[in-house]
Amino acid sequence: MSTLFWYDWAGFAGVLLVLLAFLLLQAHKLHGNGLTYQLMNVFGALGVTLSLLFGSFNVSAFALEIAWMAIGIFGIVRSARQRRAEKLAGPDL
């Protein structure tokens, strides 16, 4: 029986977060541009990345997780800018 290390658990938690985010998106419980959805993806990808860096490294999986985090961060920044612009524009009449 093999021992699971902290980075293995981080990887499992990351996979669960990404899959849960996708499930909740498909169930219309989360919005694709919502902060919760984006954070679940970013932290999920971070967990998997940690498991790759400290466990068994796989370059293609690593590239996927880096891209997944970058897209999630892009979504967070884009949504924040959009909310700020809407706030500055004021209410529509």
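Reading the values: the criteria
Residues numbered from 1 in each chain as written. Predicted model: local features only at pLDDT ≥ 70, side-chain atom pairs only at ≥ 80, totals over all residues. Heavy atoms only, no water. Patch = residues over 30% accessible without salt bridge, like charges linked within 9 Å, V, L, I, M, F, W, Y side chains within 5 Å. Areas by Shrake-Rupley, 256 points an atom, 1.4 Å probe, with all protein chains shown as cover. Salt bridge = Lys/Arg side-chain N within 4 Å of Asp/Glu carboxyl O. Helix = DSSP H or I, 4+ residues; strand = E, 2+ residues; numbered from the N terminus. Axes fitted to C-alpha atoms, helices over the stretch in contact; angles between N-to-C directions. Parallel < 35°, antiparallel > 145°, perpendicular 65-115°, else oblique. Left-handed = near helix turned anticlockwise from the far one by under 90°. Contact = heavy atoms within 4.5 Å. Nonpolar A, V, L, I, M, F, W, Y, C, P; charged D, E, K, R; others polar. Buried < 20%, exposed > 50% of the residue type's maximum accessible area, 1.4 Å probe, protein only. Expected span 1.5 Å × (residues − 1). Arc of directions from axis to C-beta.

**Digging into a nonpolar patch on the surface**
Argument step 1. Nonpolar side chains collect at one region of the surface, where Phe5, Trp6, Leu53, Phe54, Phe57 and Val59 lie side by side and expose about 680 Å² of accessible area between them.
Argument step 2. Along the chain, Trp6 falls in helix 1 (residues 6-26).

**Side note on the packing of helix 2 (residues 35-54) against helix 3 (residues 59-89)**
Argument step 1. Where helix 2 meets helix 3, the closest approach of the two axes is 8 Å, and the angle between their N-to-C directions is 155°. One way to sum up the angle between helix 2 and helix 3 is to call them roughly antiparallel. Regarding helix 2 and helix 3, the two cross each other, and that crossing is left-handed. Between helix 2 and helix 3, the residues in contact are Leu35, Gln38, Leu39, Asn41, Val42, Ala45, Leu46, Val48, Thr49, Leu52 and Leu53 and Ala61, Phe62, Glu65, Ile66, Trp68, Met69, Ile71, Gly72, Ile73, Gly75 and Ile76, respectively.
Argument step 2. Class assignment of the residues belonging to the contact of helix 2 with helix 3 gives a composition of 16 nonpolar, five polar and one charged.

**Topic: the side chain of Gln38**
Argument step 1. By secondary structure assignment, the location of Gln38 is in helix 2.
Argument step 2. The exposure class assigned to Gln38 is buried, which follows from its relative accessible area of 10%.
Argument step 3. When sequence neighbours within four positions are dropped, the list of residues in contact with Gln38 reads Gly32, Asn33, Ile71, Gly72, Gly75 and Ile76.

**Description of helix 1**
Argument step 1. Spanning 21 residues, helix 1 covers 30 Å between terminal C-alpha atoms, matching the ideal 30 Å at 1.5 Å per step.
Argument step 2. Buried residues of helix 1: Tyr7, Ala10, Gly11, Gly14, Val18 and Ala21, and no others. Relative to the axis of helix 1, the buried residues are bounded by an arc of 105° and lie together on one face. Those residues of helix 1 that are exposed and angled more than 90 degrees off the buried face are Trp9, Leu16, Leu19 and Leu23.
Argument step 3. Contact partners of the buried residues in helix 1: helix 2 and helix 3.
Argument step 4. Count one or two residues on from helix 1 and you reach His28, which has phi positive near 60°.

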